[in-house]
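Observations on the three-dimensional arrangement
One letter stands for each residue in the lines below.
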Amino acid sequence: MAAITAALVKELRERTGEGMMDCKKALEKAGGDIEKAIDDMRASGAIKAAKKAGNVAAEGAIAVKTDGKAAVLLEVNSQTDFLALQDDFKNFVAESLEEAFAQKLTDAAPLIASRESAREALVAKCGENVNIRRLVRVEGDVVGAYLHGNKIGAVVVLKGGDVELAKNIAMHVAASNPEFLDASEISAEAIEREKNVFLQLNADKIAGKPENIVENMINGRITKFKAEASLKEQAFVMNPEVKVGELAKKAGAEIVSFTYFKVGEGIEKPVDDFAAEVAAQVAAAKQ
């Protein structure tokens, strides 16, 4: 029988999403065999699926499918990155993506409803929460997509050009995550916010300088901000000598839109303090 170490309990907890004491009991029952413990916990997982639904799922995968004229970008979340690498989860994501693309879905709601039984079965089997979070479908003259591992996905729509160009620009979007398509789209509020941040960060440098010098410094920062924030003004990652907008124009294309997804973006992730949890459990056991 393997020793039931804190590290073994922690690994089982991360892989199943169960509580620490439940994991310890499962390991003791399985004689320290973590795979058997997982199988035993999964065998009773169906009755726990509802409980898992309340657990925060902030890991997972981004998936994308395109035919050159349309694309679907999909995010499916899990509680742990470990599950996102498993075949059961990958198959669920792939099947969901195929359905969304075939049905030409533009919103996640009908996909969530359609895939609920499959999702519940996966939750029961894997022991942690899984959610279809969001999807976007885009269509256009030319559509290209890029997937960076399973964590970041981007789709670009062009008027003119070809799929390879759209894919290369999508790769740039995945790497740089621009806020805007064009500098003209940057709101006055965003510019004012950037100005205020600049003034706060450079208060010491600005102090005592003539007003016109300060104004020039601010204008320089705003110009740089516009270049950094807008896709068309950014230096192309594959050739920094050319801007992305110029790259498209030289190829006889115009960038119509872009979409960027990153796993867990905007989800507040819980911070686990495993040592503190162990200490609390030990203290409770002594009472």
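The name given to the protein chain in an unreviewed UniProt entry is Elongation factor Ts, and the organism recorded there is Pseudomonas fakonensis. Per UniProt, the protein chain has the following entry under Function (unreviewed entry): "Associates with the EF-Tu.GDP complex and induces the exchange of GDP to GTP. It remains bound to the aminoacyl-tRNA.EF-Tu.GTP complex up to the GTP hydrolysis stage on the ribosome." According to the UniProt record, the Subcellular location (unreviewed entry) comment for the protein chain reads "Cytoplasm".

Per the stated rule, a full pass over the model turns up 16 salt bridges. Between Arg134 and Glu265 there is a salt bridge, with the nearest N and O atoms lying 3.5 Å from each other. You can see Arg134 sitting in strand 3 (residues 130-139) and its partner Glu265 sitting in the loop between strand 8 (254-262) and helix 14 (274-286), a full 131 residues away along the chain. One salt bridge in this structure joins Arg221 and Glu228, with 3.3 Å as the shortest N-O distance. What makes Arg221 buried here is its relative accessible area of 18%.

Turning our attention to unusual backbone geometry. We note that Lys104 has phi near 55°; this positive angle belongs to a residue other than glycine. Positive phi, normally seen in glycine, also occurs at Asn177, with a value near 45°. As for its placement among the helices and strands, Asn177 is situated in the loop between helix 9 (163-176) and helix 10 (188-201). For Asn177, a relative accessible area of 34% translates into the label partly exposed.

Turning our eyes to something else, we now look at helix 2 (residues 20-29). Residues spaced three or four apart along an α-helix face the same direction, because each turn holds 3.6 residues. Taken together, the buried positions of helix 2 are Met20, Cys23, Ala26 and Leu27. Viewed along the axis of helix 2, the buried residues span an arc of 125°, placing them on a single side of the element. Helix 2 presents Lys25 and Lys29 as exposed residues on the side facing more than 90 degrees away from its buried surface. Phi for Gly31, located one or two positions after helix 2, is positive at around 70°.

On to the pairing of strand 1 (residues 59-66), then. In this sheet, strand 2 (residues 70-78) lies alongside strand 1 in antiparallel orientation, the contact comprising eight bridges. Paired with Thr66 across the strands is Ala71, a residue of strand 2.

Another aspect to go through is the packing of aromatic side chains. Tallied over the full model, the rule gives zero aromatic pairs. The positively charged end of Lys65 is found above the aromatic ring belonging to Phe101, 5.3 Å away from the centroid. Here the guanidinium or amino end of Arg134 rests over the ring plane of Phe261, the centre of that ring lying 3.9 Å away.

Right, let's talk about the packing of helix 10 against helix 12 (residues 211-229) for a bit. Relative to each other, helix 10 and helix 12 sit at 125°, their axes nearing to 10 Å. Classified by the angle between their axes, helix 10 and helix 12 sit oblique to one another. The chirality of how helix 10 crosses helix 12 is right-handed. Between helix 10 and helix 12, the contacting residues are Ala190, Ile191, Glu194, Lys195, Phe198 and Leu199 on the first element and Met217, Ile218, Arg221, Ile222, Phe225 and Lys226 on the second.

Thresholds applied
- Residues numbered from 1 in each chain as written.
- Predicted model: local features only at pLDDT ≥ 70, side-chain atom pairs only at ≥ 80, totals over all residues.
- Heavy atoms only, no water.
- UniProt positions renumbered as here; feature names shortened; annotations may be inferred.
- Salt bridge = Lys/Arg side-chain N within 4 Å of Asp/Glu carboxyl O.
- Helix = DSSP H or I, 4+ residues; strand = E, 2+ residues; numbered from the N terminus.
- Buried < 20%, exposed > 50% of the residue type's maximum accessible area, 1.4 Å probe, protein only.
- Arc of directions from axis to C-beta.
- Pairing = 2+ DSSP bridges.
- Phe/Tyr/Trp six-rings, centres within 6.5 Å; stacked < 30°, edge-to-face > 60°.
- Lys NZ or Arg CZ within 6 Å of the ring centre and 35° of its normal.
- Axes fitted to C-alpha atoms, helices over the stretch in contact; angles between N-to-C directions.
- Parallel < 35°, antiparallel > 145°, perpendicular 65-115°, else oblique.
- Left-handed = near helix turned anticlockwise from the far one by under 90°.
- Contact = heavy atoms within 4.5 Å.

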